[in-house]
Amino acid sequence: MQLRDYIFRRLLVLPILIIGVSIVVFTLTRVGGSPIGIYLSHEMTPSEVAEIQARFGLDQPVWVQYLQWAKGILQGDFGYSGVAAAPVSDIFPLKLAATMELAAAAGCVALFLGITLGTFAGARRNRLPDHITRIVAVSGASLPQFWFGILLLIVFWAQLGIAPIGRSDATIFASIDHPTGLYTIDAILAASPKAFWDAVWHLILPALTLGYGATAIIARMMRSALVEELQQDYVDAARAKGLAEKIVLKRHARRNALVPTVTVIGLTFGFLLQGTITIEIIYRWPGLGRWMADSVLRGDQGTLMTYVLFTSVLFLLVNLIVDVVYANLDRRVTLGK
Amino acid sequence: MTTIKWRNHLTAALVGGTFAFALPLAATAQVNNPGLLVHAADDEPTTLDPAQVEPGEGGETVILQVYDRLLDFGADSPELIPSLAVEVPSVDNGGISADGLTYTFKLRDGVTFHDGTAFTAEDVKYSWDRAIEMDLPEGNAGALADVIASSEVVDDMTFSVTLNDPSASFLNSVVTAMVASVVSQDTVEANGGIEAGVPNQYMAGNMAGTGPYKFVVWNRNENLQLEVNDDYWGDNAKLDVRIEIGGDPDVRVLGLRAGEFDTIETDPSFVADIEGADGVTIFKGGLLLEPLHIGMNLNIPEGSLPPEDTISEDFFHDPRIRQAFNHAFDYEAFLNGPLAGYGEFNPHYVPIGLFGYDASAPVYNKQNAAEAERLFREAGVWDEGFSVSVITEEGNLFALMCLVLKDSIERLNPKFRINVLAVAESVFDDAHASNPLEYAMWAKNADPAADPNFYLNAYAHPDGEWGEVHGFANGYRDAAKIAGLIDSAAVELDPAKRAATYAEIQRELYEDPMWIIGAQEGIVMAHRSWLKGFAMQPLWPRPSLKFSLFDK
């Protein structure tokens, strides 16, 4: 099957999957109880409670509520967030941009360090560099993020005073427009080096904390895959042809070792998104993770449903992308069969 | 089984250990962020609209800084002081009519709103009428609507109000309430106007008042910024303000120690993390006007209790049971444990620090196991035992108070069982707002108010807010007498007579308690030592700070 046909077929199935996911998301959140609690206070009389229910359509049968919710989503209305005190659709893009920026920065850290360290270790199997990389990888995977994050905060923010907390300096942030919501990109568009530096400077610690955990996974996978590839006959053949070891490693073995690693990178995306919750709370990063943590604790179901639906759809798309990249890297993979 | 995540033990242990190794933190005489006050708040506002804000909610903190009311409380006294009104009405100055029904406010001339329009009596009437007309269920419009019969613009700078009945608490608890804040008519009308029963989306996220601060921006879940109003009619504020919203409490403490935050909202359990830190001052003084209490329900619907509860629906109708619970509670354990020693015990039901509090009134302040056993035996539940559930929010002082109750009661008699249901805030709010309430006991704190009538009406009157929900009339020995005393004090304009009535009520309620009052929490606020003019007034909405008084 042609790649284009495969993508087209997957995209056709996507709406059905999304409807299925939306029903599951709606049902699961309602199993936890009515979403009314976030809007109530004990001073309210029964008639006032009924008024609130009517305001949010919660006095309707559940299936009507689902249809209203689904209809709202199609119209861009995702409900009202009790936690953010604003329509979800107003806040979600801002929070999403903040989280995506953090996840992307952490992803870059993880990719760069993971592939570099994995290659470095795999090419020097059972030698000192391999052991050192293992220590780095194991510590990255085993250090609790909240502890590692707070440790970095104490040292670099509180004690040395060289790293900031939050996403931006409020004054610098307010000095530029934010057409994309991605602070780094907006700073470039505004041609403001000061804002760009502010964005990067605020990203370093949280991206490092978040990316470090993912680095470990990628590095270990890269190392194992590379070790396996280096034992293959085609590597011996390449060496026998007289190719330099560097070329054998980079052009042959590493490329093939990337195939299983890419699958892991796809899964790592989920790890990064989940990780943002802890990281955003610790670093006061105003993204989706922190918003969702508050929403979970306070039972803000409207926000939660949007988030779960969004991440589900995102995962469907990421899986599709991973499949396509996988096929490109390994021609033995046949799509659609 | 109950799981309590009090600051997450694992987190606390790891973070505490890290603190120890990482000390000393930045200790410097240099002032960080000159010209800017950074306040790390616990909660995010749910609205910035005075007509929509719920008493005790985070939005009140901001409304206090940006809007003015006709009268206010000074920083160091519970006495009323003029604000947008130039004097406090009294019978002597002609501001209160002889029959106590009409209040006339002479207003301050030359005041302008942040939108540039001039302040007049029309704005006061508009603001109050607006809240009453919108009548939002989450708001506090009832504070105005329940007492005001009519209001009138006498002239541009004179506003008068006629009440349904004389009220001794009108000035203290209504005129100073956040719902009585004066908003700019022009701004509201230009942005959605007034619609009955419907929140104004614009005003929920924007502000136009006359206060010492102008609203700048509210970045949800991140920060809220205010700037000094240079045209303020009173003393100008000195520092712009950035309120950092929410986040991990440990990070707030860290930020204070590092000098990144000037003031932080904490509870007493954090004192140990902060005490002794360089450049940090812990303000300890006074008490919050929000007694921590456990309710006893006398109006339980049949068959509604959790399956593990063995008590009958009329369990708390017997005053001996209610007294026994009050005697059994280990007050000192609660005060010295979760409250870290910061608090006092107040009588039923007038908080210490309010008019009407009687220092000589009897108070449940010490566990008396023998008396509790005697009363439980007399009530006939000692031998058979009982199991009862208490519902509360998880992970806070309320949950810890419930654990103290559990420990106190179960230690008394192994046949007694308290099931602590510590649930998410929204689940608790849902249960708590139900009428009738389907739990025998629940724990929370009282809403703050500036007048004893509020507390006694809400928490003691048989026909009051909780009296009705909990069915106090089913249990009081003499419900009519208690109702009569509270009602008469509410309209008594002679302070001495009013105080005497409140003293009598406190004695009556000791014998016939409807709550277990764990303690009245002490005020503990940590701030950087470079902050000048620090003051707290528990009669201001929590965290009881006016940023305009501060300087660096």
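As the structure is a prediction and not an experimental result, all values here were calculated from the model.

Undergrad: Give a detailed account of the overall build of chain A, specifying residues and quantitative values.
TA: On a plain count of helices and strands, chain A comes out with 13 helices and 2 strands. Summarising its shape, the C-alpha atoms of chain A cover approximately 85 × 55 × 40 Å along the three principal directions. Going through the 337 residues of chain A one by one, you find that 48% of them count as buried. Long-range pairs, those at least 24 residues apart, make up 72% of the contacts in chain A between residues at least 6 apart in sequence. Carbon and sulfur atoms provide 67% of the accessible area of chain A, an area that totals close to 16,000 Å². Counting 28 positive and 23 negative side-chain charges, chain A places the averaged centre of each group 12 Å from the other.

Undergrad: How would you sum up helix α13 (residues 397-412) of chain B? Please name residues and give values.
TA: Residue and element names in this part refer to chain B. In this model α13 runs 23 Å from its N-terminal to its C-terminal C-alpha over 16 residues, within 8% of the 22 Å that 1.5 Å per residue would give. Among the 16 residues of α13, 12 are classified as buried, and the element is accordingly described as predominantly covered. Its side-chain oxygen placed 3.0 Å from the backbone nitrogen of F398, N396 serves as the N-cap of α13.

Undergrad: Pulling in residues and values, what's your account of the interface of chain B and chain A?
TA: If you look at the interface, chain B gives 54 residues, while chain A gives 48 residues. Interface area for chain B against chain A, summed over the two sides, is near 4,200 Å², with a carbon-plus-sulfur share of 57%. It is P137, R220 and N221 of chain B that lose the most area in chain B upon contact with chain A, and together they represent 16% of the buried surface on that side. At the boundary of chain B with chain A, the tally comes to 2 salt bridges. Between E138 of chain B and R55 of chain A there is a salt bridge whose closest N-O contact spans 2.8 Å. In this structure, the connection of chain B to chain A is made through 10 residue pairs in polar contact (both at pLDDT 80 or more). Counting only elements with at least two residues in the side of chain B that touches chain A, the list comes to α1 (9-22), β8 (223-228), β9 (240-245), α8 (249-258), α14 (425-432) and α16 (465-470) of chain B. Element by element, the count of residues in the side of chain B that touches chain A is highest for α1 of chain B, at 6 residues. Considering only residue class, the side of chain B that touches chain A consists of 21 nonpolar, 16 polar and 17 charged.

Undergrad: Tell me about the domain arrangement of chain B, and name the residues and values.
TA: Residue and element names in this part refer to chain B. As assigned here, chain B comprises domain 1 (41-211 + 530-549) and domain 2 (292-522). The gap between the C-alpha centroids of domain 1 and domain 2 is 32 Å. Taken together, the contact between domain 1 and domain 2 spans 12 residues of the former and 15 residues of the latter. On the domain 1 side of the contact with domain 2, P166, A168 and S169 bury the most area, a combined 39% of that side's loss. On inspection of domain 1 and its partner domain 2, the count reaches 1 salt bridge. For E521, the salt bridge goes to R542, with nearest N and O atoms at 3.9 Å. Where domain 1 meets domain 2, there are 1 residue pair in polar contact (both at pLDDT 80 or more). Tallied by class, residues from the side of domain 1 that touches domain 2 come to 5 nonpolar, 6 polar and 1 charged.

Undergrad: Before we move on, could you go through the environment of P291 of chain B and cite the residues and values that matter?
TA: Residues and elements named next belong to chain B. For P291, the position within the fold is in the loop between β11 (280-287) and β12 (292-296). Taking the relative accessible area as the measure of exposure, P291 reaches 0% and is therefore buried. Each C-alpha atom, one on P291 and one on M525, is 18 Å from the other, the two residues being 234 residues apart in sequence. Look past the residues within four positions of P291 in its chain and what remains in contact with it is N346, Y349, P351, K444, N445, A446, Y455, I517, A519 and Q520.

Undergrad: Requested: an account of the sheet that holds strand β4 (residues 102-106) of chain B, with residues and values cited.
TA: All names here are of chain B. Read across the open sheet, the 3 strands follow the order β4-β6-β5; overall the sheet is antiparallel. Each edge of the sheet is formed by a strand with only one pairing partner; in this case those strands are β4 and β5 (148-155). Between one strand axis and the next, the sheet turns through 15° on average, direction left out of account. Strands in contact with helix α3 (residues 121-134) are β5 and β6 (158-163); relative to β5, the strand with the most contacts, it is inclined by about 160°.

Undergrad: If you had to explain the pairing of β9 of chain B to someone new, which residues and values would you point to?
TA: Residues and elements named next belong to chain B. Where burial is concerned, most of β9 is hidden: 5 out of the 6 residues are buried. Of the strand pairs in this sheet, strand β1 (residues 36-41) and β9 are connected by 6 bridges, and their pairing is parallel. The partner of H39 across the bridge, within β9, is I243. With 4 bridges joining them, β8 and β9 adopt antiparallel strand pairing. Bridging from a neighbouring strand, Q225 pairs with R242 of β9.

Undergrad: Report on the pattern of salt bridges, specifying residues and quantitative values.
TA: As enumerated under the stated definition, the model contains 32 salt bridges over all chains in all. Between R134 of chain A and D130 of chain A there is a salt bridge, with its nearest N and O atoms 3.7 Å apart. Placement of both R134 of chain A and D130 of chain A in helix α5 (residues 128-142) is noted, with a separation of 4 residues, approximately one turn of the helix. Here R134 of chain A falls in the partly exposed class, since its relative accessible area comes to 27%. Take D130 of chain A: its relative accessible area is 0%, and that puts it in the buried class. The partner of R411 of chain B in a salt bridge is D407 of chain B, with the nearest N and O atoms 3.1 Å apart. Of the two residues, R411 of chain B and D407 of chain B both sit in helix α13, 4 residues apart, roughly one turn of that helix. One salt-bridge network, in which partners are shared between bridges, spans D318, R320, E371, R374 and E378 of chain B.

Scoring rules and cut-offs
Once a new chain begins, its residue numbering starts again from 1 and follows that chain's sequence as written. Chain letters start at A and ligand numbers start at 1, both assigned in the order the entries are written. With the structure being a predicted model, the display of local features is reserved for residues of pLDDT at least 70 and the display and counting of side-chain atom pairs for 80 or more, all residues being used for whole-chain, interface and lining totals. Only hydrogens and water are set aside when side-chain values are computed; all heavy atoms of the structure are taken into account. Put simply, DSSP marks the helices as runs of H or I at least four residues long and the strands as runs of E at least two long, and each gets a number from the N terminus on. Categorising residues by exposure relies on relative accessible area from a 1.4 Å probe, with only protein chains included: less than 20% of the type maximum marks a residue as buried, more than 50% marks it as exposed, and the intermediate range marks it as partly exposed. Pairs of residues are marked as contacts when any of their non-hydrogen atoms sit within 4.5 Å. Computed with the Shrake-Rupley method and a 1.4 Å probe, the accessible areas treat only the protein chains shown as cover for residues. Charge counting treats Lys and Arg as positive and Asp and Glu as negative, with His and both chain ends excluded. All charge positions are set by atom: Lys at NZ, Arg at CZ, Asp at CG, Glu at CD. In a helix, the anticipated span is given by 1.5 Å times the number of residues less one. Whenever a nitrogen or oxygen atom comes within 3.5 Å of another N or O atom, the pair is scored as a polar contact, on the condition that within protein one atom can donate a hydrogen and the other can accept it, and that pairs from neighbouring residues in sequence are kept only if both atoms are in side chains. Two parts placed together each lose some accessible area under a 1.4 Å probe, and adding up what both lose gives the buried area. Any carboxyl oxygen of Asp or Glu within 4 Å of a side-chain nitrogen of Lys or Arg constitutes a salt bridge here. Three residue categories are used. Nonpolar comprises Ala, Val, Leu, Ile, Met, Phe, Trp, Tyr, Cys and Pro, charged comprises Asp, Glu, Lys and Arg, and polar comprises the others, including Gly. An automatic or database domain assignment is the source of the domain bounds shown. When DSSP finds two or more bridges between a pair of strands, those strands are recorded as paired. Note on definitions: angles span 0 to 180 degrees between N-to-C directions of axes, and those axes are lines fitted to C-alpha atoms, for helices only across the stretch in contact.

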